[in-house]
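Residues per chain, in single letters:
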Amino acid sequence: MKNIFILVGPSGAGKDYLLENLLNIQKKLYCIPSYTTRPPRTGEGVREYHYVDNYEFEKAWISGKILEKVVEHQHLYGTDKEAIDRERSNGRSLITIVEPRGVESFKKEYGDSVKSIYIDPGSIDDLEQRIRTDSNRIGQTEKEISIRLKREKREIAYKDKADFVVSNKNGKENNALRQLKHIIENETHNS
């Protein structure tokens with residue numbers, strides 16, 4: 001069975017950017033789909049979502065199709081467990097982005113094959129600037145920004161629990177991508 005790599009870190013840390021670029025160079029890596037009750041966004045990127053309503057989400061959760069469940073901004077999110085099990089049985093290494101509180105569900109289910117990688121955005125000031133200029137959230141209010149910053153401060157605390165840390169300070173995305181690629185290649189080779 002292959003590894004499951006989980007990118008974690010605060011919103012604005014560059015997880016989606018790194019994931020998309022990593023998948024362009026690591027063709028054998030499988031990106032795990034997620035369930036969500038939020039509406040689709042323009043330009044979603046490489047991550048696949050199953051867009052469902054609350055009833056469908058809860059039904060999938062109860063039937064064991066979803067591994068972990070979190071509520072963010074009044075929407076439910078969860079990882080497609082069936083896709084994980086199918087692709088692992090095919091010998092593929094997998095990757096996804098999960099909230100820090102969701103990592104425990106992965107570790108409980110899949111043990112040492114789960115490798116959490118914290119994406120470190122640098123200072124809280126750098127992070128706030130990224131949040132304010134996030135093109136996916138144009139038109140966000142000061143209240144929404146404040147809520148996100150509070151949550152981000154809690155998520156930064158996960159850094160000390162992660163298996164690996166990748167520095168993704170402003171202007172250093174290529175260096176962060178190299179670090180991430182190196183971790184995944186080493187862990188895949190050693191598994």
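Here is what the cut-offs are and how they apply
- Along every chain, residues carry numbers that run from 1 in the direction the sequence is written.
- Only residues with pLDDT of at least 70 are given local features in this predicted model, and only at 80 or more are side-chain atom pairs given and counted; all residues enter the totals for whole chains, interfaces and linings.
- To obtain the side-chain values, all non-hydrogen atoms of the structure were used and water was disregarded.
- Put simply, two rings from Phe, Tyr or Trp (the six-membered ring, in Trp's case) pair if the centres are within 6.5 Å, and we call them stacked under 30 degrees between planes, edge-to-face over 60, tilted for the rest.
- Only protein chains enter the accessibility calculation, which uses a 1.4 Å probe; a residue whose area is less than 20% of its type maximum is buried, one above 50% is exposed, and one in between is partly exposed.
- Comment: the charge-over-ring label is applied if NZ (Lys) or CZ (Arg) is within 6 Å of the ring centre and within 35 degrees of the ring normal.
- Paired strands, as defined in this entry, are two strands with at least two bridges between them according to DSSP.
- Counting from the N terminus, the helices are the DSSP runs of H or I reaching at least four residues and the strands are the DSSP runs of E reaching at least two.
- Residue contacts are defined here by distance: any two heavy atoms, one from each residue, within 4.5 Å place the two residues in contact.
- Comment: axis = line fitted to C-alpha atoms, over the contacting stretch for helices; angle = value between 0 and 180 degrees taken between N-to-C directions.
- Directions from the helix axis toward the C-beta atoms define the arc.

Novice: Please provide a residue-by-residue account of the packing of aromatic side chains, values included.
Specialist: Under the criterion given, the structure shown has one aromatic pair. Aromatic pair Y49 and Y51: ring centres 5.7 Å apart, planes at 35°, arrangement tilted. Using a relative accessible area of 34% as the deciding quantity, one classes Y51 as partly exposed. Across the ring face of Y49, the terminal group of R38 is positioned such that the distance to the ring centre comes to 4.7 Å.

Novice: Give a description of the sheet that holds strand β9 (residues 164–167) that names residues and reports values.
Specialist: What the five strands build is an open sheet, ordered β2-β7-β1-β8-β9; its pairing is parallel. The open sheet has two edge strands with one neighbour each: β2 (30–31) and β9. On top of the sheet, helix α1 (residues 15–25) reaches β1 (4–8), β2, β7 (94–97) and β8 (114–120); it is set at about 160° to β7, its chief contact. Lying on the sheet, helix α4 (residues 100–110) is in contact with β1, β7 and β8; it crosses β1 at an angle near 165°.

Novice: Tell me about α4, and name the residues and values.
Specialist: When we look at burial in α4, the residues that qualify are P100, G102, V103, F106 and Y110. The buried residues of α4 occupy an angular sector of 135° when the element is viewed end-on, so they sit on one face. Seen from the open side of α4, the exposed residues pointing more than 90 degrees away from its buried face are E104 and K108. Positive backbone phi, approximately 60°, marks G111, located one or two places after α4.

Novice: A description of the pairing of strand β6 (residues 75–80) should follow, citing residues and the corresponding values.
Specialist: With five of six residues buried, β6 is to be regarded as a mostly interior element. The pairing of strand β5 (residues 66–72) with β6 spans five bridges and is classified as antiparallel. Within β6, the position partnered with V71 by the bridge is L76. Counted along the chain from β5 to the antiparallel partner β6, the turn is two residues long, and its residue H73 has a positive phi close to 50°.

Novice: Lay out the sheet that holds strand β4 (residues 49–51) with the relevant residues and their values.
Specialist: Read across the sheet, four strands follow the order β4-β3-β6-β5 without closing on themselves; strand pairing throughout is mixed. Among the strands making up the open sheet, the edge pair consists of β4 and β5. Averaged over all adjacent pairs, the angle separating strand axes in this sheet is 25°, with direction ignored. In terms of strand pairing, strand β3 (residues 34–36) meets β4 through three bridges, oriented parallel. Residue T36 lies in a different strand from β4, and its bridge partner there is Y51. Helix α2 (residues 54–62) rests against β3, β5 and β6 of the sheet, and its axis sits at about 145° to β5.

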